[in-house]
Amino acid sequence: MTKILVIAEHFDGEILSATSKTVNCASQISESIDILVLGDDSAVASQATTIDAVSNVLSISNEAFGYPVSSIMAPVVAEISSEYDYILLPSSTFGKDLAPRISAILDVNQVTDIMSVEEPRIFKRPIYAGNAIQTIKIAEGKKVLGTVRTASFKELGNSNSANLIETEMPSVNIPSHTRFIKIESEKTERPDLQVASIVISGGRGVGSAENFELLYQLADKLGASVGASRAAVDAGFVPNDMQVGQTGKIIAPDLYFAIGISGAIQHIAGIKDAGTIVAVNKDADAPIFEIADIGIVADLFEFIPQLTSKLD
Amino acid sequence: MEKILVCIKRVIDYNVKIRVKPDESGVVTEGVKMSINPFDEIALEEALRIKENGDAVEVVIVSIGPDDSQQQLRTGLAMGADRAILIKHDGEIEPLTVAKALSEIVEDENPGLIMMGKQAIDDDSSQTGQILAQLCDIPQATFASKVSIQEEKATVVREIDQGLETLEIDLPAIITTDLRLNEPRYVKLPDIMKAKKKVLDVIESGELKTDFSSSIEVINVTPPPPRESGVMVNDVEELVVALKEKGLLS
Ligand SMILES: Cc1cc2nc3c(=O)[nH]c(=O)nc-3n(C[C@H](O)[C@H](O)[C@H](O)COP(=O)(O)OP(=O)(O)OC[C@H]3O[C@@H](n4cnc5c(N)ncnc54)[C@H](O)[C@@H]3O)c2cc1C
Ligand SMILES: Nc1ncnc2c1ncn2[C@@H]1O[C@H](COP(=O)(O)O)[C@@H](O)[C@H]1O
């Protein structure tokens, strides 16, 4: 049977939902799915055993994986993957950084951003910021290496108890040329952009970091996450990890609010899979209205407080 | 360091609205404005600033693509690159192949730093820099939003999904750029004239050792499924009603 290896993404001791979504993609190809967890404590690996459809969780616990560094992980993944026909990673910054190094070691072409499995070797993927969709076929007999566009796949259930296999660190050369210094990550109580069912994004029209408070208040009423356009990040209103779009996060909430965002194709690229898009803009000609499901021409400084108070 | 190599791809300008060909063989490029991939322009700008800061002597740009890619290389020379190399090849090329061909240039030129874009905005692959780094067995710092060079190493701030990460890497290394790294300079007319006299070497792809065939076959290229057209509402009241009807608000 076709054997698939999914590389787990985890952060701060938690398996991320991207891992489960990647397993979902794998489950459309074969029933033999293993997860590889590289970390420095095996508690994370035991979380992975609950993901439905997984057979085995291979856990390599080593201090070299205290922080994910691609040049350290790639030779290990390449070594473990010799037993497998497919290697899949989430198409997050983690997966995008790591997968191509595996491609180089194994000398196999990589498919970025798999959005659907048409046949086991035929995939669809977006190009030109999602303005065109490519259908591609990987030649028979070749190992398949791909990153999975997580917005295209739902998270699986957590009622499994897969085998946890403590695996030995293969004897590969661990380079010392890359050193992790630090990570600045703003903690928030709000749900993660990639998981939230409602996302409220603000653009340049919001005008300042202080004004983003209005969005946070509305978000807290709705249990929503807050995102932003590139212009809002560039202007310093919010941190980079809130950017939605071609070069930011690709998300698929049930409900998306674009507030004070004009609707550039690069922004739209990030919300194509949203269920319902609501656009709020004071300019009736803003391109965002062309793709919105519900549009309202309004000044956001009047709109947001009105909506927030309606929800009391 | 002696030299920085910057990799530049010729792509459809980011402002152009993409059209898919009726026969689904690809997207329309005839009569369409072409530019340097925006991330590569940022990579070149950063390399020029490193040189202007006295941390490098020469900036060499390289592109793999059709003969017309000379236009983008000339623009790069006008921005301030010292010398350009074109590996001439028609048709689509997979990142693995591009990286292998680039590794031959790296072997010849032996740069102290390689700057590239984090992704080409046509294929959106986001692979080439990382593959090249592994092929050359050197460190990588992808999605960079801040770069500082200190003699034999670089400190790079990376934009990752969880926030801002800082890595220290030994040189030679590959850095791929994110949009907030810098704002590329405008090219001035006298610089365009000067650029005409700079060296632009053209190599046929057949002269390289790299095999340009691919194990990925493109079956077709289609437009994305259209979204159903939406409605306009007049006020917050109507919006709340519409959202409740869809079951999105309780
Ligand atoms: C290679 C590349 C990649 C990119 N990647 C991304 C990406 O990932 N994500 C992204 O978002 N962008 C991306 N961009 C940038 C993109 O092209 C746009 O520049 C950006 O999305 C614009 O942000 P904005 O809509 O907030 O700003 P603007 O285009 O300036 O729009 C602001 C809007 O706010 C409205 N407005 C102003 N005041 C009010 C008010 N009081 N009430 C209501 N409405 C108001 C205005 O009418 C206007 O429509 C990328 C660009 C490039 C070249
Ligand atoms: N044909 C090419 N010629 C030169 N550089 C390229 C080429 N293709 C990709 N690159 C470089 O690799 C980066 C990432 O491209 P990609 O992996 O295709 O998304 C680009 O931003 C360029 O710096």
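Structural data are supplied above this passage.
Residues numbered from 1 in each chain as written. Chains lettered and ligands numbered in written order. Predicted model: local features only at pLDDT ≥ 70, side-chain atom pairs only at ≥ 80, totals over all residues. Heavy atoms only, no water.

Residue and element names in this part refer to chain B. Close to ligand 2 lie 18 residues; D40, I64, A120, S126 and T128 are nearest. With respect to ligand 2, the side chain of D123 contributes an N or O atom lying 3.0 Å from an oxygen atom. A distance of 2.9 Å is found between an oxygen atom of ligand 2 and a backbone nitrogen or oxygen belonging to Q127. Compared with its free state, where it exposes 480 Å², ligand 2 has 98% of that area covered by protein. The biggest single contributor to the shell around ligand 2 is strand β4 (residues 58–65), with three residues. Taken together, the residues of the shell around ligand 2 sort by class into seven nonpolar, eight polar and three charged. (Near = heavy atom within 4 Å. Polar contact = N/O pair within 3.5 Å; in protein donor to acceptor, adjacent residues only side chain to side chain. Areas by Shrake-Rupley, 256 points an atom, 1.4 Å probe, with all protein chains shown as cover. Helix = DSSP H or I, 4+ residues; strand = E, 2+ residues; numbered from the N terminus. Nonpolar A, V, L, I, M, F, W, Y, C, P; charged D, E, K, R; others polar.)

This part takes up the pattern of salt bridges. Considering all chains together, one arrives at 30 salt bridges over all chains under this definition. The partner of B:K118 in a salt bridge is B:D178, with the nearest N and O atoms 3.2 Å apart. In this pair, B:K118 sits in the loop between β6 (113–117) and α4 (128–135) while B:D178 sits in the loop between β10 (173–177) and α5 (189–195), placing the two residues 60 residues apart along the sequence. With respect to burial, B:K118 and B:D178 carry one shared label: buried. Note that B:R180 is salt-bridged to B:E159, the shortest N-O span being 2.9 Å. Separated by 21 residues along the polypeptide, B:R180 in the loop between β10 and α5 and B:E159 in strand β8 (residues 153–160) bring together distant segments of the chain. Members of the salt-bridge network, linked through shared partners, are A:R179, B:K153, B:E168 and B:D170. (Salt bridge = Lys/Arg side-chain N within 4 Å of Asp/Glu carboxyl O. Buried < 20%, exposed > 50% of the residue type's maximum accessible area, 1.4 Å probe, protein only.)

Turning next to unusual backbone geometry. Of all residues except glycine, most have a negative phi; of all peptide bonds, most are trans. In this structure, B:P172 follows B:L171 across a cis peptide bond, with omega equal to 0°. Along the chain, the position of B:P172 falls in the loop between β9 (163–170) and β10. Unlike most non-glycine residues, A:Y128 shows phi in positive territory, near 45°. Counting through the fold element by element, A:Y128 comes out in the loop between β9 (122–127) and β10 (132–138).

Counting 39 residues, the largest nonpolar core has B:V6, B:L44, B:I61, B:M115 and B:I175 as its most contacted members. Ranked by residue count, the leading element in this core is helix α1 (residues 38–52) of chain B, at seven residues. With sequence-adjacent residues up to four places away left out, B:I61 is seen in contact with B:V6, B:I8, B:L44, B:L73, B:G76, B:L77, B:A81, B:R83, B:A84 and B:I85. Counting 36 residues, the second largest nonpolar core, distinct from the first, contains A:Y216, A:V233, A:L255 and B:V233. (Core = buried A, V, L, I, M, F, W, Y, C linked by side-chain atoms within 4.5 Å. Contact = heavy atoms within 4.5 Å.)

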